[in-house]
Amino acid sequence: MSIDFEEAYEVWMHSLLEKETNPRVLSRLENGLEHGTFEFLRSVWFPVMKNFNHLQPEWEVRDFHNGYRYLDLAYMPGNGVKGGIEIQGYGPHARDLDVRRFKDLCWRHCLLTLDDWIFLPIAYLSIKDEPKRCQQLVLSFMGKFIATDVPTSLNWLEAETVRYARRIIRPFAPSELATHLRITDQHARRVLHSLIDQQVLHVASGAQRYRTYILRT
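Residues numbered from 1 in each chain as written. Predicted model: local features only at pLDDT ≥ 70, side-chain atom pairs only at ≥ 80, totals over all residues. Heavy atoms only, no water.

- Under the annotation held in an unreviewed UniProt entry, the protein carries the name Transcriptional regulator and is attributed to Paenibacillus amylolyticus.

Put into structure tokens, the structure is as follows:
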């Protein structure tokens, strides 16, 4: 049975509101998520992840002025790793960005990186115009955290192919995979065809002879 986004979203938000003890974050959650964040969850995150596990909206971080900043979404799966996702609206982040705000944005990204955040900024226009491409980006982002999470039915070459596909956000050729796995091009094609048969990958280009492949979303 397919999972309904609206229902899962409502349950997730209700759980967040019940558990939140920080009054600043609670106030932000009660006001509802920004439109761009909601659209990202609806069109990009949920279609590929099917859940909101370890995802925290309006995550509070301290800045270098000892104030507070808030990430649109923080992915916190445990073990000390942390990922930040921010939806960049065209108006405030590009068209109307003055020098001071541009410098502040760069500082913010730098400090998050130095604090070991894996940071993923996504343009709102990309969410609206290129949701499938953004889904591939999310899969690659998640590959940083769950690179070992592959179907147990796969052999080691197939499993490493899936991990490889998750780490890049573009179609790849058999020759690239062969170089990565240190096998022949012919052997790489056999691995790829097996993953297509298992509906893990699909063909990105080529008709009679497949040229490039990409992870199925």
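**Some thoughts on the packing of helix H8 (residues 156-167) against helix H9 (residues 174-181)**
Okay, so step 1: Contact pair H8 / H9: the axes reach a minimum separation of 11 Å and the direction vectors enclose 115°. Considering how the two elements wind past one another, H8 and H9 form a crossing that is right-handed. Between H8 and H9, the contacting residues are Leu157, Glu160, Thr161, Tyr164 and Arg167 on the first element and Glu176, Leu177, His180 and Leu181 on the second.
Okay, so step 2: Taken together, the residues of the contact of H8 with H9 break down into four nonpolar, two polar and three charged. (Axes fitted to C-alpha atoms, helices over the stretch in contact; angles between N-to-C directions. Helix = DSSP H or I, 4+ residues; strand = E, 2+ residues; numbered from the N terminus. Left-handed = near helix turned anticlockwise from the far one by under 90°. Contact = heavy atoms within 4.5 Å. Nonpolar A, V, L, I, M, F, W, Y, C, P; charged D, E, K, R; others polar.)

**A closer look at the environment of Ala159**
Okay, so step 1: Among the structural elements, Ala159 can be located in helix H8.
Okay, so step 2: Exposure remark for Ala159: the relative accessible area of 6% places this residue in the buried category. (Buried < 20%, exposed > 50% of the residue type's maximum accessible area, 1.4 Å probe, protein only.)

**Here we look at the pairing of strand E5 (residues 201-205)**
Okay, so step 1: As paired elements, E5 and strand E6 (residues 212-215) share four bridges and run antiparallel to each other. By the bridge assignment, Ser205 is partnered in E6 with Thr212.
Okay, so step 2: Where E5 folds back on E6, the antiparallel hairpin that results is connected by six residues, among which Gly206 adopts a positive phi of roughly 105°. (Pairing = 2+ DSSP bridges.)

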